[in-house]
Protein chains: 2
Amino acid sequence: MNINLINIGDELLIGQVVNTNASWMAAYLNDNGMRVKRVFTIADNADEIKLTLQEALKSTDAVIITGGLGPTKDDITKHTLCEFFGSTLVLHEASLENVQQIFSKRNYPMTSLNEAQALVPACCQVLINKWGTAPGMWFEKDGKVVVSLPGVPAEMQGLMHEEVVPLLCKRFGVESIYHKNIWTFGIGESFLSDKIEQWELSLPKNIHLAYLPKDGMVRLRLSAYGDNKIRLEKQVTDEVKKLQTLVGEYIFGYDEDTLESIVGQLLAKQRKTLVTAESCTGGNIARLLTSVSGASAYYIGGIVAYANEAKEQHLGVLHSTLEQYGAVSQQTAEEMARGARERFGADYAVATTGIAGPDGGTLEKPVGTVWIAVAEEQGVEARCFSFGDGRERVVRRASYQALRWLQTKLLS
Amino acid sequence: MNINLINIGDELLIGQVVNTNASWMAAYLNDNGMRVKRVFTIADNADEIKLTLQEALKSTDAVIITGGLGPTKDDITKHTLCEFFGSTLVLHEASLENVQQIFSKRNYPMTSLNEAQALVPACCQVLINKWGTAPGMWFEKDGKVVVSLPGVPAEMQGLMHEEVVPLLCKRFGVESIYHKNIWTFGIGESFLSDKIEQWELSLPKNIHLAYLPKDGMVRLRLSAYGDNKIRLEKQVTDEVKKLQTLVGEYIFGYDEDTLESIVGQLLAKQRKTLVTAESCTGGNIARLLTSVSGASAYYIGGIVAYANEAKEQHLGVLHSTLEQYGAVSQQTAEEMARGARERFGADYAVATTGIAGPDGGTLEKPVGTVWIAVAEEQGVEARCFSFGDGRERVVRRASYQALRWLQTKLLS
């Protein structure tokens, strides 16, 4: 079944607040077999609300509205819906009790503005809001459903979870969806597309493929629609197996995996430790690794060796190496990795040295040139990469490349 | 003038990607005197695109579309627009050169899919995309404007900045706006609002104030609307002076300033050097400092001392200190800062040690507890902060707090 969302709020239209309600709701509805067709983001304005609601009802079975239910004057959704459905506001006793309870719990005095929150259109079914003072509302008209929810994320989420989604599933007898994400690294969107073209063309009609590129990765998302969740899962698993034979060498993970979490899991499992020696990535690899809860089990720490003296003093890079080959060189990268590994007593060390830009590039070593080295017991290895322009982008790409290389080492 | 936005992408409708393009565009258009009336988020589907575009054109002067311009099969915006405007696709030479240049620079071979990106509807004005391969397109019909942009944020932003907004301003004769951002740190939105209430109420009618809170900072944005840009600038400057007398102690910068750039400027100006010794912030302070181009002039490097052994071995924290007071303590923070300053031979060192969570909190030291220390020639000082829940949030807040403290030291 199809749903349209209407998110109401001036703050969304001047870019002060990112519309995370829309993405949360879309994901949650999707996980429950419902499809969001469109999201309308509109102003706190009665005419806009009526016009959009009319438009949104045309093409779907249900419309969910968020926002505009607060006690202040600029929140006008409830009055507008009352007018839209030709109803009048009546006091809802259970909602009044709910508001009173919340205020007595917080030890705040109630004002008439707060009491007015328990007024609802006579024609709606009230969805009690246990997380706040504005009740949710469920309307039906001409076989279609309109739901109005508060815009506060926790309240909206609570109501979606306990009231709206169960009611929608019951009301519309909903189809299942199964999603699978396949994460690839080191291959561009168009090359990937070329390699899997035949497979893509032969996908069953009920499976949809999407390409989602970011930071040198391309995420492939398979979405299967049907009656039987278990059959969908099997169908998708079969397709993923075919995909693995075609581009397995580029796949680094699935679903919630990230390079930093995968590297962490491998290190933890093999009881190995890691240290970092970063120049151009300036601490970003360390930050990624430590963003994973529990990283202290395998990540010892590292050196951010931004100045040459720091490379010499804290990583043991030879002065002569820096003089002869420069800071951005195979030799320096290797000595950084080797030095970090030995000085911290770790199993693995990863090192980066390069030119993030915008200044510092030369004809021989243009901006984006990065040497990455990995040291392990068996020795040290370094490779040169070109990550193009954009300081932040170079840092991100170099960091992910380093993690991807580490993953490969840990798997081999 | 009014604009509607259409963001195309299946990933937006299943909630896998948050629609940050919409909020960025809304904020940027707003900053330039244009008003976003509605945002439509829709699927990669030709019928949907045509239907929504028709609807969106009804109520506004211009419509900006993002997404669906990539080289792969699920990107269909261009073909749909071609049909919508009754045009045919033709090869655009300058765009082809642009695609070729990008590929040769990255040393990638081009495929026919990539070449096809230089095909554009004959009736459009091409907006050259310097940041990627898909060109932007500008259509005019019945006095209204339709712009199509790639969905990749950096490409969309580059095109908005250099092409779309200047063209829209010229085409529709938009009123002048002058903006000034005032960055505050260490005071909550509601306390700030209380302190500046009288000033806010007495602002001239043509000046609008917005509060933009993030990561412990509140950005105040003054926007003045009128005919004469020079008069607007003077008006705003006068108001900022009044603001400085009210809350000057919380202001750390203006407009494009960031804490990392301000700290960098102060260090460079005073010819002082800085090192970092990070435990719970895991390299994030280093990353922030090195995100500023030219950081090598004052930032030497640092240690990410995640494990206790790293704190002892590389920063000289005493084993007895760790045993007696624990890693998250005033003593450890002080020894980390002092050790880093001495070992790297820097003027300043900043250290962090704390509990980012979600695990590791105790009754005495709950999640969010962070000790920050700053060492300088005169000695070392440490302070304890509580940054609440959320691993990433704790790391960000602790990092900014450390930089703000450094700024205060450098200014005193």
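Procedures and definitions
Residues numbered from 1 in each chain as written. Chains lettered and ligands numbered in written order. Predicted model: local features only at pLDDT ≥ 70, side-chain atom pairs only at ≥ 80, totals over all residues. Heavy atoms only, no water. Helix = DSSP H or I, 4+ residues; strand = E, 2+ residues; numbered from the N terminus. Rg over C-alpha atoms; globule rule 2.2 N^0.38 Å. Buried < 20%, exposed > 50% of the residue type's maximum accessible area, 1.4 Å probe, protein only. Contact = heavy atoms within 4.5 Å. Areas by Shrake-Rupley, 256 points an atom, 1.4 Å probe, with all protein chains shown as cover. Lys, Arg positive; Asp, Glu negative; His and termini not counted. Charge placed at Lys NZ, Arg CZ, Asp CG, Glu CD. Axes fitted to C-alpha atoms, helices over the stretch in contact; angles between N-to-C directions. Parallel < 35°, antiparallel > 145°, perpendicular 65-115°, else oblique. Left-handed = near helix turned anticlockwise from the far one by under 90°. Nonpolar A, V, L, I, M, F, W, Y, C, P; charged D, E, K, R; others polar. Phe/Tyr/Trp six-rings, centres within 6.5 Å; stacked < 30°, edge-to-face > 60°. Lys NZ or Arg CZ within 6 Å of the ring centre and 35° of its normal. 1 Å grid on protein atoms, 1.4 Å probe; cavity = no way out; pocket = protein on both sides within 12 Å on 5 of 7 lines; lining within 4 Å. Points joined across faces, edges and corners; volume = space filled by probe spheres on them. Pairing = 2+ DSSP bridges. Domains from an automatic or database assignment. Buried area = accessible area lost by both parts, 1.4 Å probe. Salt bridge = Lys/Arg side-chain N within 4 Å of Asp/Glu carboxyl O. Polar contact = N/O pair within 3.5 Å; in protein donor to acceptor, adjacent residues only side chain to side chain.

## Quick word on the overall build of chain A
Right, on to step 1. The helix and strand tally for chain A stands at 16 helices and 17 strands.
Right, on to step 2. For 412 residues, the compact-globule formula gives about 22 Å, and the C-alpha radius of gyration of chain A, at 28 Å, lies well above that figure.
Right, on to step 3. For chain A, the spread of C-alpha atoms along the three principal axes comes to 85 × 55 × 40 Å.
Right, on to step 4. Each of the 412 residues in chain A was classed as buried or not, and the buried ones make up 56%.
Right, on to step 5. The contacts of chain A with a sequence gap of at least 6 include a subset with a gap of at least 24, amounting to 67%.
Right, on to step 6. A total of about 17500 Å² of accessible surface is found on chain A, and carbon and sulfur atoms cover 49% of it.
Right, on to step 7. Across chain A, the mean location of the 41 positive side-chain charges is 4 Å away from that of the 49 negative side-chain charges.

## So, the packing of helix α2 (residues 20–31) of chain A against helix α7 (residues 153–172) of chain A
All names here are of chain A.
Right, on to step 1. Contact pair α2 / α7: the axes reach a minimum separation of 11 Å and the direction vectors enclose 25°. The angle between α2 and α7 places the two elements in the roughly parallel class. Crossing of α2 against α7: the hand is right-handed. Where α2 abuts α7, its residues Asn21, Trp24, Met25, Tyr28 and Leu29 lie against Pro153, Met156, Gln157, Met160, His161, Val165 and Leu168.
Right, on to step 2. Each residue belonging to the contact of α2 with α7 can be placed in one class, and the counts come to nine nonpolar, three polar and no charged.

## Concerning the packing of aromatic side chains
Right, on to step 1. Considering all chains together, one arrives at 13 aromatic pairs over all chains under this definition.
Right, on to step 2. Plain terms: the ring middles of B:Trp183 and B:Phe252 are 6.0 Å apart, the flat faces sit at 40° to each other, and that makes the pair tilted. Taken together, the positions of B:Trp183 in strand β9 (residues 176–185) and B:Phe252 in strand β12 (residues 251–254) put the pair 69 residues apart, joining distant regions of the chain.
Right, on to step 3. A cation sits over an aromatic face here: A:Arg35 above A:Tyr225, 3.9 Å from the ring centre.
Right, on to step 4. Stacked on the ring of A:Phe172, the Lys or Arg A:Arg171 has its end atom at 4.7 Å from the ring centre.

## Structural notes on the layout of surface pockets
Right, on to step 1. By volume, the second largest pocket amounts to about 680 Å³.
Right, on to step 2. What lines the second largest pocket is a set of 25 residues, and nearest its centre among them are A:Asp10, A:Ile14, B:Asn30, B:Arg35 and B:Val36.
Right, on to step 3. Of all the secondary-structure elements, those providing two or more residues to the lining of the second largest pocket are α1 (10–13) and α3 (46–58) of chain A together with β2 (35–42), β10 (207–214) and β11 (217–226) of chain B.
Right, on to step 4. No other element matches β10(B), which puts four residues into the lining of the second largest pocket.
Right, on to step 5. Considering only residue class, the lining of the second largest pocket consists of 11 nonpolar, six polar and eight charged.

## Overview of the pairing of strand β2 (residues 35–42) of chain A
Along any regular strand the residues' side chains alternate between the sheet's two faces.
Right, on to step 1. By the criterion of burial, β2(A) is predominantly enclosed, with six of the eight residues buried.
Right, on to step 2. Pairing between β2(A) and β2(B): four bridges, direction antiparallel. Note that in β2(B) the partner of A:Val39 across the bridge is B:Thr41.

## Examining empty space enclosed by the protein
Right, on to step 1. Using the criterion set out here, one finds one cavity of 30 Å³ or more in the structure.
Right, on to step 2. The wall of the largest cavity is formed by 15 residues, among which A:Asn19, A:Ala22, A:Thr41, B:Asn19 and B:Thr41 lie closest to the centre.
Right, on to step 3. Tallied by class, residues from the lining of the largest cavity come to nine nonpolar, six polar and no charged.

## Describing the domain arrangement of chain A
Residues and elements named next belong to chain A.
Right, on to step 1. Considered domain by domain, chain A is made up of domain 1 (2–172), domain 2 (176–254) and domain 3 (259–411).
Right, on to step 2. Between the C-alpha centres of domain 1 and domain 2 the distance comes to 36 Å.
Right, on to step 3. At the junction of the two partners, domain 1 supplies five residues and domain 2 supplies five residues.
Right, on to step 4. Buried surface at the junction of domain 1 and domain 2, summed over both partners, amounts to about 380 Å²; 46% is from carbon and sulfur atoms.
Right, on to step 5. Between the two partners, domain 1 and domain 2, sit zero salt bridges.
Right, on to step 6. Linking domain 1 to domain 2 there are one residue pair in polar contact (both at pLDDT 80 or more).
Right, on to step 7. Of the residues assigned to the side of domain 1 that touches domain 2, the class counts are one nonpolar, two polar and two charged.

## Some points on the pairing of strand β7 (residues 136–141) of chain B
Residue and element names in this part refer to chain B.
Right, on to step 1. Sheet analysis places strand β6 (residues 125–127) next to β7, joined by three bridges and oriented antiparallel. Pairing of Val126 across the sheet is with Met137, part of β7.
Right, on to step 2. Of the strand pairs in this sheet, β7 and strand β8 (residues 144–149) are connected by five bridges, and their pairing is antiparallel. Paired with Lys141 across the strands is Lys144, a residue of β8.

## Overview of the sheet that holds β9(B)
Residue and element names in this part refer to chain B.
Right, on to step 1. The strand order across the open sheet built from four strands is β10-β11-β9-β12, with neighbouring strands paired in antiparallel fashion. Edge strands, defined here as strands with exactly one partner in the open sheet, are β10 and β12. Pairs of neighbouring strands in the sheet enclose a mean axial angle of 25°, with direction left out of account.
Right, on to step 2. Pairing of β9 with β12 involves three bridges; the strand directions are antiparallel. Residue pairing for β12: Thr184 is matched across the bridge by Ile251.
Right, on to step 3. The sheet strands contacting helix α10 (residues 229–247) are β9, β10, β11 and β12, and the helix crosses β9 at an angle near 15°.

## Some words on helix α11 (residues 259–269) of chain B
Residues and elements named next belong to chain B.
Right, on to step 1. Counting buried positions over the 11 residues of α11 gives eight, a clear majority of the element.
Right, on to step 2. Within the sequence span of α11, burial applies to Leu259, Glu260, Ser261, Ile262, Val263, Gly264, Leu266 and Leu267.
Right, on to step 3. Where α11 terminates, the next one or two residues include Arg271, which has phi positive at roughly 50°.

## Looking at the interface of chain B and chain A
Right, on to step 1. Taken together, the contacts link 73 residues of chain B with 73 residues of chain A.
Right, on to step 2. Summed over both sides, the interface between chain B and chain A buries roughly 5700 Å², with carbon and sulfur atoms accounting for 53% of that surface.
Right, on to step 3. At the junction of chain B and chain A, the tally comes to four salt bridges.
Right, on to step 4. Note that B:Lys37 is salt-bridged to A:Glu48, the shortest N-O span being 3.9 Å.

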